[in-house]
Amino acid sequence: SVGQLARLADLAPSMSVSAVITAFHTASPDQNPYTVYVLTVKKGSASWVVFRRYREWEDLRTTLLQQLGSAPPMPPKALFGRMRPEVIEARVLGLNHFLQLCLGTPLYASHRALGDFLEKNTPPPGLEAA
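Residues numbered from 1 in each chain as written. Predicted model: local features only at pLDDT ≥ 70, side-chain atom pairs only at ≥ 80, totals over all residues. Heavy atoms only, no water.

1. Description of the overall build of the protein chain
A tally of helices and strands in the protein chain yields five helices and four strands. The 130 residues of the protein chain split such that 38% are buried. Considering only contacts within the protein chain whose residues lie at least 6 apart along the sequence, 59% involve residues at least 24 apart. With the model as given, the accessible surface of the protein chain reaches about 7400 Å², and the carbon-plus-sulfur share is 56%. (Helix = DSSP H or I, 4+ residues; strand = E, 2+ residues; numbered from the N terminus. Buried < 20%, exposed > 50% of the residue type's maximum accessible area, 1.4 Å probe, protein only. Contact = heavy atoms within 4.5 Å. Areas by Shrake-Rupley, 256 points an atom, 1.4 Å probe, with all protein chains shown as cover.)

2. Focus: the environment of K77
Topologically, K77 is positioned in the loop between α2 (54–68) and α3 (85–104). Excluding residues that lie within four positions of it along the chain, K77 makes contacts with Y54, E58 and R91.

Set out below in structure tokens:
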């Protein structure tokens, strides 16, 4: 099943995982907009899409810090103008860098939190094409 396919931990460890942010969209539930980052994940011949909010990236980093004692740096949270295109584009670059450091560092790449983060999920409610 697709669910089994997306469980990174259950797949052969010899296959490397790659992931990159391929898009971002604005979700507007109850007129409180936020950005959703779309990742394309590949493992062997399988590929799938994952939707993550900035808060979920922060949660991943916090988990890595708490359980491993370190984590790659992440772009700072924007207090103002967080929905402006240039702010989002800069954040995409920073999050992508964070993701590549996680995937390229065995300590992080083998951690269950990263595997869970990269599992297939469904788009959040209120998602509109950017």
